[in-house]
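Summary of the model geometry
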Amino acid sequence: MKKNIIIIGPYLPGKLYGGPVKSILNIVEALSTYYNFYIITGDRDLNATETYKTVGIGSWNTVGKANVFYIPKGKDFNYIRNIIKNLDYDLVYTCSFFSKHSVIIQFLKFFNVIKKPLIIAPRGEFSPGALSIKDKKRKYF
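All residue numbers here refer to positions counted from 1 along the written sequence of the relevant chain. With the structure being a predicted model, the display of local features is reserved for residues of pLDDT at least 70 and the display and counting of side-chain atom pairs for 80 or more, all residues being used for whole-chain, interface and lining totals. Only heavy atoms go into the side-chain values, all of them from the structure, while hydrogens and water stay out.

1. Observations regarding the side chain of S96
Rule in force here: Secondary structure follows DSSP: runs of H or I at least 4 residues long count as helices, runs of E at least 2 residues long count as strands, and numbering of each begins at the N terminus. Pairs of residues are marked as contacts when any of their non-hydrogen atoms sit within 4.5 Å.
Along the chain, S96 turns up in the loop between β5 (91-94) and α3 (100-110). Setting aside residues up to four positions removed in sequence, S96 forms contacts with S102, I120, A121, P122 and E125.

The following block contains the structure:
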């Protein structure tokens, strides 16, 4: 039986996020024989004011070999909490440490809403150059 993995991060049809979208796509393509992937992402591309037009917002979509949920802007916490509470999953993987969605996931893990393993991939967010930007917030973490 395949295990279910929740991935939190930017995904298709997004293009402006660059590497993270491609990284998640490659993970899904390479491992979908062994795992079911449930991706939770936002409803628009990086710095975009308009939502994606080719997907259903606020519902599950099949995108390639993954199930993808596009969260409406401003409803992040409630949607993520409800998905975590209602989806049968084995692992949560987040592609950032400081993104809004990742902070929500860390909060839910801290308060034991997420009971399964959590992997955080900070993608360079703790490098010296990155730490010099918004340094007070990052040093706190």
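2. What to know about the environment of L16
By secondary structure assignment, the location of L16 is in the loop between β1 (3-8) and α1 (19-31). For the pair L16 and P117, spaced 101 residues apart in the sequence, the C-alpha separation amounts to 29 Å. Those residues within four positions of L16 in sequence are excluded, and the remaining contacts are D45 and L46.

3. Details of the pairing of strand β2 (residues 35-42)
On a regular strand, one side chain projects to one face of the sheet and the next to the other, so that they alternate. Rules: Each residue's exposure class comes from its accessible area (1.4 Å probe, protein chains only) as a fraction of the maximum for that residue type: buried when under 20%, exposed when over 50%, partly exposed otherwise. Any two strands with at least two DSSP bridges between them are considered paired. Think of it like this: strands point away, you trace from the first strand over the helix to the second, and a clockwise trace means the crossover is right-handed.
Counting buried residues in β2 gives six out of eight residues, a clear majority hidden from the surface. Alignment of β1 against β2, held across six bridges, turns out to be parallel. Its bridge partner lying in β2, I5 is registered against F37. Handedness of the crossover joining β1 and β2 through α1: right-handed. Two elements, β2 and strand β4 (residues 66-71), share six bridges in a ladder whose sense is parallel. Among the inter-strand pairings, I39 is bridged to a residue of β4, identified as V68.

4. Concerning unusual backbone geometry
A cis geometry characterises the amide bond from L12 onward to P13, with omega recorded as 10°. Summarising the element assignment, P13 is placed in the loop between β1 and α1. Phi at N47 is positive, roughly 60°, even though this residue is not glycine. For N47, the position within the fold is in the loop between β2 and β3 (60-63).

5. Examining the side chain of D43
Considering the arrangement of structural elements, one finds D43 in the loop between β2 and β3. Other than its neighbours up to four places away in sequence, D43 contacts T51, Y52, I57, Y70, I71, P72 and K73.

6. A closer look at the pattern of salt bridges
Side chains bearing opposite charge may pair, as long as their charged atoms lie close to each other. Under the convention used in this document: By definition, a salt bridge exists where a carboxyl oxygen of Asp or Glu is found within 4 Å of a side-chain nitrogen of Lys or Arg.
Throughout the structure, instances matching the rule amount to four salt bridges. A salt bridge links D43 to R44; the shortest N-O distance between them is 2.8 Å. Between K53 and E50 there is a salt bridge, and its shortest N-O distance comes to 3.4 Å. Across the pair, E50 and K53 agree in class, each one exposed.

7. Thoughts on the packing of helix α2 (residues 76-86) against α3
The criterion, for reference: Note on geometry: axes are lines fitted to C-alpha atoms, helical ones only across the stretch in contact, with angles between N-to-C directions running from 0 to 180 degrees. We call two directions roughly parallel when the angle between them is under 35 degrees, roughly antiparallel when it is over 145, roughly perpendicular when it lies between 65 and 115, and oblique otherwise. Two helices crossing with the near one rotated counterclockwise from the far one by less than a right angle form a left-handed crossing, whereas a clockwise rotation gives a right-handed crossing. In this classification, the charged set is Asp, Glu, Lys and Arg, the nonpolar set is Ala, Val, Leu, Ile, Met, Phe, Trp, Tyr, Cys and Pro, and all remaining amino acids, among them Gly, are polar.
Viewed as axis vectors pointing N to C, α2 and α3 meet at an angle of 50°, and their least axial separation amounts to 10 Å. When the axes of α2 and α3 are compared, the pair comes out oblique. With respect to the hand of their crossing, α2 and α3 are arranged in right-handed fashion. Contacts between α2 and α3 pair D76, F77, I80, R81 and I84 from the former with K100, H101, I104, I105, F107 and L108 from the latter. Counted by class, the contact of α2 with α3 contains seven nonpolar, one polar and three charged residues.

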